[in-house]
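# Chain and residue survey
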Amino acid sequence: MKRLFFRLFVTALISVACLAGLLAWFAHTPVGLRQSPLDVTIEPGSSMKQVARQLVEAGVDVQLFALVFLSRVTRQANGIKAGSYEFEAGITPRALLNKLTRGDVTQADLALIEGWNFRQFRAALDRHPDLIHDSLGLTDAQILERIGAAARHPEGLFFPDTYLFARKTSDLDVLRRAYRNQQKMLLREWALRAEGLPYKDPYQALIMASIVEKETGQAADRPMVASVFINRLRAGMLLQTDPTVIYGLGSTFDGNLRKRDLQTDTPYNTYTRPGLPPTPISMPGIPALRAALNPPASNYLYFVARGDGSSAFSRNLDEHNRAVARYIRKSTP
């Protein structure tokens, strides 16, 4: 009887050793790939069996049972993270599992440019091949509701930046991040604002920043441009800024701003209506926000583009008319 138990014990020991050896060989033997590199997307909420199946269907030549068994032995079965992954030739099952549990996802990116309006923002999202386009068909108001924004108008509420995300991320997730970033930046800069500014709340500062963003060809001019507009608000003067008029024209604007456009009243025509327009007209970045909330002291009330991207600033209408004659009329055929 003792010999029988001994033989059984030895047999079991050898079997375990063989199994361990086979598992070790499997874990460190490169798997075949349909192509290299190979993109694979692991769906959220997938069990380890479903993960293995998704890998095989995507083009990873690996034994399903062996991979699942290895993941359980290594205690990685419950640590797989959803997302898009890129595998290259030579990867082993163990390295593959390590990658999946680290969440070493392949990232895509999307640049949202300072000065863009929300229509341009949505178009960039719609064009991106690595996003899930959940916002398609939604109105602006519905998008705001989906991302948890209480505002009624989306313009200016999204922070321009380059956003990294895993492939097959919802475009609503990108929108949500951009919205939260802008709220954070706006409140931070509002807390650091200069005293005596003619804004009732942070939203009005955001409106001013969006105008400054669109009116400046050179970054160095932003603070002084903001100073001009703030001085005009304090003096009760019309802002008379073309970008707000253009924004009010919407998709009907053909690139040529005419005199009749300046005379046609809309909520965004700052030639016909006093004060700030009702909403921002673009996505302002940090420099424009800071210029609007901490402008330099000046007595300038006018500015005109020099033609090289910079602006000439004037204290009164006579100075401004001379600047216009020098930089605008002189260059007009």
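Placed above this text is the structure.
Read on for a plain summary of the structure. (Residues numbered from 1 in each chain as written. Predicted model: local features only at pLDDT ≥ 70, side-chain atom pairs only at ≥ 80, totals over all residues. Heavy atoms only, no water.)

Each helix and strand in the protein chain was counted, giving 13 helices and 10 strands. The C-alpha atoms of the protein chain give 30 Å as radius of gyration, which overshoots the globular expectation for 333 residues (20 Å, by more than 25%). If one aligns the C-alpha atoms of the protein chain with their principal axes, the spans along those axes are about 115 × 45 × 35 Å. Residue burial in the protein chain is summarised as follows: out of 333 residues, 44% are buried. Surface summary for the protein chain: the accessible area is close to 18200 Å², and the carbon and sulfur share equals 53%. Here the protein chain carries 41 positive and 31 negative side-chain charges, and the mean point of each set is 7 Å from the other. (Helix = DSSP H or I, 4+ residues; strand = E, 2+ residues; numbered from the N terminus. Rg over C-alpha atoms; globule rule 2.2 N^0.38 Å. Buried < 20%, exposed > 50% of the residue type's maximum accessible area, 1.4 Å probe, protein only. Areas by Shrake-Rupley, 256 points an atom, 1.4 Å probe, with all protein chains shown as cover. Lys, Arg positive; Asp, Glu negative; His and termini not counted. Charge placed at Lys NZ, Arg CZ, Asp CG, Glu CD.)

Per the stated rule, a full pass over the model turns up 11 salt bridges. Between Asp173 and Arg176 there is a salt bridge, and its shortest N-O distance comes to 2.8 Å. Of this pair, Asp173 and Arg176 are both found in helix H7 (residues 171–191), 3 residues apart, which corresponds to roughly one turn of the helix. Each member of the salt-bridge network shares a partner with another, and the members are Asp39, Asp130 and Arg167. (Salt bridge = Lys/Arg side-chain N within 4 Å of Asp/Glu carboxyl O.)

Okay, the packing of helix H3 (residues 64–73) against helix H4 (residues 93–102) next. Remark: H3 packs on H4, axes separated minimally by 11 Å, with the N-to-C direction vectors making an angle of 60°. Between H3 and H4, the interaxial angle falls into the category oblique. In the packing of H3 onto H4, the handedness of the crossing is right-handed. Residue-level inspection shows Leu67, Leu70 and Ser71 of H3 in contact with H4, the latter providing Pro93, Arg94 and Leu97. Here the contact of H3 with H4 is built from residues that sort into 4 nonpolar, 1 polar and 1 charged. (Axes fitted to C-alpha atoms, helices over the stretch in contact; angles between N-to-C directions. Parallel < 35°, antiparallel > 145°, perpendicular 65-115°, else oblique. Left-handed = near helix turned anticlockwise from the far one by under 90°. Contact = heavy atoms within 4.5 Å. Nonpolar A, V, L, I, M, F, W, Y, C, P; charged D, E, K, R; others polar.)

All right, on to the nonpolar core then. In terms of nonpolar packing, the biggest core is built from 56 residues, with Phe121, Phe158, Leu175, Tyr199 and Met208 touching the most fellow members. Secondary-structure elements contributing two or more residues to this core are strand S5 (107–111), helix H5 (118–127), helix H6 (140–146), strand S7 (162–166), H7, helix H8 (202–215), helix H9 (222–235) and helix H12 (286–293). Sorting elements by how many residues they give to this core places H7 first, with 8 residues. Look past the residues within four positions of Tyr199 in its chain and what remains in contact with it is Trp190, Gln204, Ala205, Met208, Ile230, Ala292 and Leu293. (Core = buried A, V, L, I, M, F, W, Y, C linked by side-chain atoms within 4.5 Å.)

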